[in-house]
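A closer look at the structure
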Amino acid sequence: SDPYVSRRSRSKHVLFAVLGLMTLFVLWNNERFFLNPQAPEWAHFNPIRWHLLPHGLGGAVALVLGAMQFSTRLRRRYLRIHRLTGQLYIAGTFVAAPVAIWMAFINSPWFLVAFTIVQATTWMLFTAVAYRCIRRGAVAPHREWMMRSYAIVLIFLEGRVLMAIPALARHGMDAIVLVNWACLAVTLVVVECVLRWREVFPSRQPNIRLQPTAAGATTSLRG
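Going along each chain's sequence as written, the residues are numbered from 1 onward. Reporting of local features is limited, given that this is a predicted model, to residues whose pLDDT is at least 70; pairs of side-chain atoms are given and counted only at 80 or more, and all residues count toward the totals for whole chains, interfaces and linings. Hydrogens are left out, water is left out, and the side-chain values use all remaining heavy atoms of the structure.

As a further point, take the overall build of the protein. Helix and strand assignments come from DSSP, with helices taken as H or I runs of at least 4 residues and strands as E runs of at least 2, each series counted from the N terminus. In terms of regular secondary structure, the protein is built from 11 helices and zero strands. Relative accessible area decides the class of each residue, using a 1.4 Å probe on protein chains only: under 20% of the type maximum gives buried, over 50% gives exposed, and in between gives partly exposed. Classification of the 223 residues of the protein by burial places 31% in the buried group. The contact criterion used throughout is that any non-hydrogen atoms of two residues lie within 4.5 Å. Put simply, 68% of the contacts in the protein that link residues at least 6 apart link residues at least 24 apart. For the accessible areas, the method is Shrake-Rupley and the probe is 1.4 Å, while residue cover comes only from the protein chains on display. As displayed, the protein has an accessible area near 15000 Å², and 66% of this comes from carbon and sulfur atoms.

Right, here's the structure in full:
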């Protein structure tokens, strides 16, 4: 088997295990107030409480089903399921992202409105390009644009995990702004590095010289 494929498969498993742990942490640390109507967090979220449902559902669908899009086994064995989850991912994107902008205008300071617009529009743009690629049969570009799209989704986890660090959390809104923009910039750079890794560091193939067979040599002499 190809050692590169094996390494990539192991790396993928490790990555999604880490993302699973991050998701559980964020649900416990940031989102469990949804289960308590008396939680103090509702004082901040009350103005957008009815926007949270479509945004949260769309984002959850994109987060979970987006991960499934990168399963090689699912794509090869169950292509119809792969396509269905991809369609649901697109639907989740185009629900969660516009609602996020709507909520930002209602309930966020102007500098976070700017970030939300950039993040949400970038997410929708990357997703639309990925969809366009697969519609015209360009599979490889489709995968690359899906990676870029899903990377934007992961900023939701990255920012909340980083803001749980006390050294950052004590700086309040300044840290939130810095972390959000840093996550966006670093995420886009890392994704491009991953996509272009083999172009920058091509795997070395053994230099095998073909030896002519006796029959081939005889034929060559006769020719």
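Below, the discussion takes up the nonpolar core. The biggest cluster of nonpolar side chains holds 28 residues, and the ones touching the most others in it are Tyr 89, Trp 123 and Tyr 150. Looking at this core, the elements with two or more residues in it are helix H1 (3-29), helix H3 (49-68), helix H5 (79-107), helix H6 (110-135), helix H7 (139-162) and helix H9 (173-195). With seven residues, the single largest contributor to this core is H7. Only buried residues count toward a nonpolar core, which is a set of Ala, Val, Leu, Ile, Met, Phe, Trp, Tyr and Cys residues joined through side-chain atoms within 4.5 Å. Core analysis: the next-biggest nonpolar cluster, separate from the first, contains seven residues, Trp 42, Ile 48, Val 99 and Met 103 among them.

Moving on to the confidence of the model for the protein. A low pLDDT means the predicted coordinates there should not be read in detail. Considering every residue of the protein, the mean pLDDT works out to 86; 87% of them sit at 70 or more. Looking at any residue, its pLDDT shows the predictor's confidence there, from 0 to 100. For the protein, helix H11 (residues 214-222) is the element with the lowest average pLDDT, namely 39, and H6 is the one with the highest, namely 96.

A separate point is a nonpolar patch on the surface. To count toward a patch, a residue needs a relative accessible area above 30% and no salt bridge. Like charges then connect within 9 Å, nonpolar side chains (Val, Leu, Ile, Met, Phe, Trp, Tyr) within 5 Å. Any carboxyl oxygen of Asp or Glu that lies within 4 Å of a side-chain nitrogen of Lys or Arg is treated as forming a salt bridge with it. Among the surface-exposed residues, Leu 21, Leu 24 and Leu 27 lie close enough to one another that they form a single nonpolar patch of about 320 Å² accessible area. Along the chain, Leu 24 turns up in helix H1. Among the residues examined, Leu 24 registers a relative accessible area of 56% and is labelled exposed.

Before going further, it helps to spend a moment on the pattern of salt bridges. In total, this model carries four salt bridges according to the counting rule given. Measuring nitrogen to oxygen at the nearest pair gives 3.9 Å for the salt bridge that ties Glu 144 to Arg 148. Highlighted residues: Glu 144 and Arg 148, both in helix H7, separated by four residues, approximately one helical turn. In this structure, the salt-bridge partner of Arg 148 is Glu 192, at a minimum N-O distance of 2.5 Å. In this pair, Arg 148 is assigned in helix H7 and Glu 192 in helix H9, connecting sequence segments 44 residues apart. A relative accessible area of 9% places Arg 148 in the buried class.

Right, let's get into the packing of aromatic side chains. Side-chain rings of Phe, Tyr and Trp, where Trp is taken by its six-membered ring, are said to pair if the distance between their centres is within 6.5 Å; with planes under 30 degrees apart they count as stacked, over 60 as edge-to-face, and otherwise as tilted. For the structure shown, the criterion picks out 10 aromatic pairs. Ring geometry for Phe 115 and Trp 181: centres 5.1 Å apart, planes at 80°, overall edge-to-face. Of this pair, Phe 115 sits in helix H6 while Trp 181 is found in helix H9, placing the two residues 66 residues apart along the sequence. Within the aromatic cluster, the residues linked to one another by ring pairs are Phe 33, Phe 34, Trp 42 and Phe 45. Directly above the aromatic system of Trp 28 lies the positively charged group of Arg 32, at a separation of 4.7 Å from the ring centroid. A ring is scored as having a charge over it whenever the NZ atom of a lysine or the CZ atom of an arginine sits within 6 Å of its centre and within 35 degrees of its normal. Over the face of the ring belonging to Trp 42 we find Arg 49, whose NZ or CZ atom lies 4.8 Å from the ring centre.

Along the chain, the position of Ser 149 falls in helix H7. Setting aside residues up to four positions removed in sequence, Ser 149 forms contacts with Tyr 89, Trp 123, Phe 126 and Thr 127.

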